[in-house]
Amino acid sequence: MVKLQKISAVIITKNEEDNIERCIVSLKELVDEILIIDSQSTDSTSVIARSLGARVVQHQFLGHIEQKNFAINQATHDLILSLDADEALSTLLAQNLRNLLCSSAKVTAVRMSRLNFYLGKWIKHSGWYPDRKIRMFDRRFAYWGGRNPHDKVIVNDAESIVDVEGDILHYSYKNLKSHIQRIEEYSAISARQKFNARKSMNFVVHAVLYPVWVFLNTYFLKLGFLDGYQGFLISLLNAYYRFQKYFKLYKLYLNKLDR
């Protein structure tokens, strides 16, 4: 009889009362522990999580990467399944992960696709699918890296990564306003990172030509037009994000010169 590896599911939260129940319920039949790292939510996130059997730890948010690395270090088990609060496992993905755990293979890192639900539609193009992510990994051989706010799992041995069929269901934005708010937040973080790293920029190239290319690439080459008006909005807002990122970086350099 194969002894299953025990799994800790970890989720970082901040005011996620609209999402957290769906996320936890999708995990309960698969994992041995559900750990919530909450950044002082002012809504019912923690109450809902505890009522569903999750362990909640409060921790000041210092960045996406920092928070997720803190989370995996607080987990009971070495095998980690990491989701965002606005994500959930599809039935197929949960079953295939269980099948993998029931096999004789020792799991080091698992990559899976992510399917985004955007303004009433599942997005199959626009560069948003399959959007493959490593979300299950052994913390002894992997960690969260990348650059805030765009974190990613770094695995010490890339050859140990296996792919599993099935989707993480991502309920990305409640409405257009929340998408724009996320762009404002993330572009400011990214601009500050580039400024601190002393990244050079050319305003015309980065803030004008690059956003135009991003729109054309998303809408035409990545087949965004097949996603209907949602694909058009995704293409437009992808371009807007790039513009905002470099426009904010440009303003940071201007402010530095004015001092």
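Before reading further, recall that the structure is shown in the block above.
Since the structure is predicted, the reported quantities are computational estimates derived from the model, not experimental observations.

Caption draft 1: Structural context of the pairing of strand β11 (residues 161-173). With three bridges joining them, strand β5 (residues 87-89) and β11 adopt antiparallel strand pairing. Residue pairing across strands places glutamate 87 opposite histidine 170, the latter belonging to β11.

Caption draft 2: Geometry of the pairing of strand β9 (residues 142-147). In the sheet, β9 pairs with strand β10 (residues 150-155) via six bridges, with the strands oriented antiparallel. Residue pairing in the sheet places glycine 145 in a bridge with lysine 152 of β10. Where β9 hands over to β10, the hairpin turn is made up of two residues, counted between the paired strands.

Caption draft 3: Structural context of the packing of aromatic side chains. Counted under the stated rule, the structure contains 15 aromatic pairs. An angle of 85° between the planes, with centres 5.1 Å apart, marks the rings of tyrosine 219 and phenylalanine 220 as edge-to-face. On the basis of relative accessible area, tyrosine 219 is assigned to the buried category, the value being 19%. The rings of Phe215, Tyr219, Phe220, Phe225 and Phe232 are connected pair by pair, giving a single aromatic cluster. The cationic tip of arginine 22 hangs over the ring face of tyrosine 171; the distance from NZ or CZ to the ring centre is 3.8 Å. Seen from the ring of tryptophan 144, lysine 68 lies directly overhead, with NZ or CZ sitting 4.5 Å from the centre.

Caption draft 4: Spotlight on helix α1 (residues 20-27). Listing the buried residues of α1 in full gives Ile20, Cys23, Ile24, Ser26 and Leu27. End-on view of α1: buried residues confined to an arc of 160°, all on one side of the axis. Taken together, the buried residues of α1 touch β1 (7-13), β2 (33-38), α2 (45-51), β4 (79-84) and β5.

Caption draft 5: Structural detail: empty space enclosed by the protein. Tallied over the full model, the rule gives one cavity of 30 Å³ or more. Volume-wise, the largest cavity comes out at about 30 Å³. Forming the walls of the largest cavity are Val10, Ile11, Ile12, Lys68, Ala71, Ser82 and Leu83. Per-class residue counts for the lining of the largest cavity are five nonpolar, one polar and one charged.

Caption draft 6: Spatial organisation of a nonpolar patch on the surface. Together, Val212, Trp213, Leu216, Phe220, Leu221, Leu223, Phe225 and Leu226 give the surface a local cluster of nonpolar side chains, amounting to about 770 Å² of exposed area. Checked against the element boundaries, tryptophan 213 lands in helix α6 (residues 203-221). Residue classification places tryptophan 213 among the partly exposed residues on the basis of a relative accessible area of 47%.

Caption draft 7: Local environment of the pattern of salt bridges. The full count for this structure, using the stated rule, is 15 salt bridges. Between aspartate 138 and arginine 140 there is a salt bridge, and its shortest N-O distance comes to 2.7 Å. Where salt bridges share partners, they join Glu87, Arg114, Asp131, Lys133 and Arg135 into one cluster.

Caption draft 8: Quick look at the environment of aspartate 38. Residue placement: aspartate 38 occurs in strand β2. Residue classification places aspartate 38 among the buried positions, given a relative accessible area of 0%. The spatial distance from the C-alpha of aspartate 38 to the C-alpha of alanine 71 is 9.7 Å, given a sequence separation of 33 residues.

Caption draft 9: Structural view of the environment of leucine 79. Within the secondary structure layout, leucine 79 lies in strand β4. Judged by relative accessible area, leucine 79 falls into the buried class, the value being 2%. C-alpha separation for the pair leucine 79 and asparagine 196, spaced 117 residues apart in sequence, amounts to 34 Å. Look past the residues within four positions of leucine 79 in its chain and what remains in contact with it is Gln5, Lys6, Ile7, Ser8, Leu101, Val107, Met136, Phe137 and Asp138.

Caption draft 10: Geometry of the environment of lysine 133. Relative to the helices and strands, lysine 133 resides in strand β8 (residues 133-138). Residue lysine 133 is classed as partly exposed on the basis of its relative accessible area, which comes to 27%. Discounting chain neighbours no more than four positions away, the residues touching lysine 133 are Val110, Arg111, Met112 and Arg114. At a separation of 3.4 Å, a polar atom in the side chain of lysine 133 contacts the side chain of aspartate 131.

What counts, and at which threshold
Residues numbered from 1 in each chain as written. Predicted model: local features only at pLDDT ≥ 70, side-chain atom pairs only at ≥ 80, totals over all residues. Heavy atoms only, no water. Pairing = 2+ DSSP bridges. Helix = DSSP H or I, 4+ residues; strand = E, 2+ residues; numbered from the N terminus. Phe/Tyr/Trp six-rings, centres within 6.5 Å; stacked < 30°, edge-to-face > 60°. Buried < 20%, exposed > 50% of the residue type's maximum accessible area, 1.4 Å probe, protein only. Lys NZ or Arg CZ within 6 Å of the ring centre and 35° of its normal. Arc of directions from axis to C-beta. Contact = heavy atoms within 4.5 Å. 1 Å grid on protein atoms, 1.4 Å probe; cavity = no way out; pocket = protein on both sides within 12 Å on 5 of 7 lines; lining within 4 Å. Points joined across faces, edges and corners; volume = space filled by probe spheres on them. Nonpolar A, V, L, I, M, F, W, Y, C, P; charged D, E, K, R; others polar. Patch = residues over 30% accessible without salt bridge, like charges linked within 9 Å, V, L, I, M, F, W, Y side chains within 5 Å. Areas by Shrake-Rupley, 256 points an atom, 1.4 Å probe, with all protein chains shown as cover. Salt bridge = Lys/Arg side-chain N within 4 Å of Asp/Glu carboxyl O. Polar contact = N/O pair within 3.5 Å; in protein donor to acceptor, adjacent residues only side chain to side chain.

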